[in-house]
Amino acid sequence: MAPTLSTAQFSTPAEVTDFVVHRGNGVKGLSETGIKALPDQYIQPLEERLINKFVNETDEAIPVIDMSNPDEKKVAEAVCDAAEKWGFFQVVNHGVPLEVLDNVKAATHRFFNLPVEEKSKFTKENSLSATVRFGTSFSPLAEKALEWKDYLSLFFVSDAEAEQFWPDACRNETLEYIDKSKKMVRKLLEYLGKNLNVKELDETKESLFMGSIRVNLNYYPICPNPDLTVGVGRHSDVSSLTILLQDQIGGLHVRSLASGNWVHVPPVPGSFVINIGDAMQILSNGLYKSVEHRVLANGSNNRISVPIFVNPKPESVIGPLPEVIAKGEEPIYRDVVYSDYVKYFFRKAHDGKKTVDFAKI
């Protein structure tokens, strides 16, 4: 019989944490022991468990935008409109080859299917580079309740650095994914910028909008009692723009600005989910919205997703753009060094939209 938590496999919560966090098994390893009950440290507060119950109570949907529409002005308007009203939208016919997407999804499965001793080479304690980290949950030391997710986080420095330090199992596919999506990212940023009176994405603006790139390979294994926990807790991203590739399982929910309801983002084959991050909300002086989202745990399927976080350079000072303030708007955010903002985000557990208050005037 497969050991379960009700047998003697883990006798204390500390043993579970040790197995998952410190020994590098992750929740994938925990899920694969065949446990039948969710360990206590994954049980979320009542408020989160209640959201789980009511997430599918609405027929609202985030916009889906066809980027191949020959009327480019229409596309740009749709993007900016979605960025203001939803902070989220999906794009189809985006010009990124579908095989690139299939390859990076396959590479994600390949990495997470490696033996634990292979993956453990990339934990915070063992990784040879600060740009590569295999981990679990979000901030296990800061959280009251853990999240049911493992991840590999890859910060792009250069091809040479990636060649040296990124895992073989997924390096080339991830680099190609970054490379092939650049053109689409630039396009989206041009649309969003023009609407803020930014005439062109020159070098200064480029380092502000897309000066650094991080890719996460996320793995959400099958979960016992999924309604008691979350895959990812409520948060908004600290990026300027997030480009999300998701598989066909579903589970991502976005908080509607209009109603406050949680709206499912259904997987659309060949699409990306795009969302505005806090940096862009600050740069746009609040015109574009960085919106809360969360991911449900799933009792019957393993799910993966591969977000690219397009960020300012760490040393950039972000605040409302001069082009926006030139229109006579009062700034509602102060200038902050981007890396300070990010450190503040990672120091605490996921807490909805509270990070952006750090920059409020």
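Residues numbered from 1 in each chain as written. Predicted model: local features only at pLDDT ≥ 70, side-chain atom pairs only at ≥ 80, totals over all residues. Heavy atoms only, no water.

Under an unreviewed UniProt entry, the name given to the chain is Fe2OG dioxygenase domain-containing protein, and the source organism is Capsella rubella. In its Cofactor (unreviewed entry) section, the UniProt entry covering the chain states "L-ascorbate". Database annotation for the chain, UniProt heading Sequence similarities (unreviewed entry): "Belongs to the iron/ascorbate-dependent oxidoreductase family." (UniProt positions renumbered as here; feature names shortened; annotations may be inferred.)

**Considering the overall build of the chain**
A tally of helices and strands in the chain yields twelve helices and 14 strands. In terms of overall dimensions, the chain has a C-alpha envelope of 65 × 45 × 40 Å along the principal axes. Residue burial in the chain is summarised as follows: out of 361 residues, 55% are buried. A total accessible area of about 15,800 Å² is found for the chain, and carbon and sulfur atoms account for 53% of it. (Helix = DSSP H or I, 4+ residues; strand = E, 2+ residues; numbered from the N terminus. Buried < 20%, exposed > 50% of the residue type's maximum accessible area, 1.4 Å probe, protein only. Areas by Shrake-Rupley, 256 points an atom, 1.4 Å probe, with all protein chains shown as cover.)

**A short note on the packing of aromatic side chains**
Under the definition given, this model contains eight aromatic pairs. When the ring of Phe 111 is compared with that of Phe 134, the centres are 5.8 Å apart and the planes differ by 75°; the resulting orientation is edge-to-face. Separated by 23 residues along the polypeptide, Phe 111 in helix H5 (residues 98-112) and Phe 134 in strand E3 (residues 132-136) bring together distant segments of the chain. Ring centres 6.3 Å apart and planes at 55° place the aromatic pair Phe 112 and Phe 134 in the tilted group. Taken together, the residues span a long stretch of sequence, with Phe 112 in helix H5 and Phe 134 in strand E3 at a distance of 22 residues. Overall, the relative accessible area of 0% leaves Phe 112 in the buried class. Take Phe 134: its relative accessible area is 5%, and that puts it in the buried class. What links up through ring pairs into an aromatic cluster is the set Phe 111, Phe 112, Phe 122, Phe 134 and Tyr 219. Between the NZ or CZ atom of Lys 28 and the centre of the ring of Tyr 219, over which it lies, the distance is 5.6 Å. Residue placement shows Arg 294 over the ring face of Trp 262; its charged tip is 5.7 Å from the ring centre. (Phe/Tyr/Trp six-rings, centres within 6.5 Å; stacked < 30°, edge-to-face > 60°. Lys NZ or Arg CZ within 6 Å of the ring centre and 35° of its normal.)

**A few points about the pattern of salt bridges**
For the coordinates displayed, the defined rule picks out 20 salt bridges. Measuring nitrogen to oxygen at the nearest pair gives 2.9 Å for the salt bridge that ties Arg 23 to Asp 18. Relative accessible area serves as the criterion here: at 47%, Arg 23 is assigned to the partly exposed category. The class of Asp 18 is partly exposed, set by a relative accessible area of 28%. A salt bridge links Arg 294 to Glu 48; the shortest N-O distance between them is 3.2 Å. Remark: Glu 48 occurs in helix H3 (residues 46-54) and Arg 294 occurs in strand E11 (residues 293-295); sequence separation between them is 246 residues. (Salt bridge = Lys/Arg side-chain N within 4 Å of Asp/Glu carboxyl O.)

**Observations concerning the UniProt feature "domain: Fe2OG dioxygenase" (unreviewed entry) in the chain**
Sites flagged by UniProt as "domain: Fe2OG dioxygenase" (unreviewed entry) map to residues 204-312. Split by type, residues 204-312 is 12% helix and 39% strand. Its first and last C-alpha atoms lie 10 Å apart.

**Some points on the pairing of strand E10 (residues 272-276)**
When you tally the buried positions in E10, you get five out of five residues, the bulk of the element. Bridge count between strand E2 (residues 88-92) and E10: four bridges; the pairing is antiparallel. Bridged to Phe 89 within E10 is Ile 274. When strand E7 (residues 241-246) meets E10, the two strands line up antiparallel, connected through four bridges. Looking at the pairing, Ile 243 lines up with Ile 274 of E10. (Pairing = 2+ DSSP bridges.)

**Quick notes on the nonpolar core**
Ranked by size, the top nonpolar core spans 69 residues in total, and within it Leu 152, Tyr 177, Ile 243 and Phe 272 carry the most contacts. The biggest single contributor to this core is helix H8 (residues 171-194), with nine residues. Non-local contacts of Leu 152, meaning those with residues more than four positions away in its chain, are made with Phe 111, Phe 112, Phe 122, Val 132, Arg 133, Phe 134, Pro 167, Cys 170, Val 215, Asn 216 and Leu 217. (Core = buried A, V, L, I, M, F, W, Y, C linked by side-chain atoms within 4.5 Å. Contact = heavy atoms within 4.5 Å.)

**Quick notes on the sheet that holds strand E6 (residues 232-235)**
Pairing is antiparallel across the open sheet formed by four strands, whose spatial order is E6-E11-E8-E9. The open sheet has two edge strands with one neighbour each: E6 and strand E9 (262-264). Put simply, the sheet's adjacent strands are angled 20° from each other on average, direction ignored. Where strand E8 (residues 252-255) lies against E11, three bridges are found, and the strand directions are antiparallel. The residue of E11 that forms the bridge with Leu 252 is Val 295. (Axes fitted to C-alpha atoms, helices over the stretch in contact; angles between N-to-C directions.)

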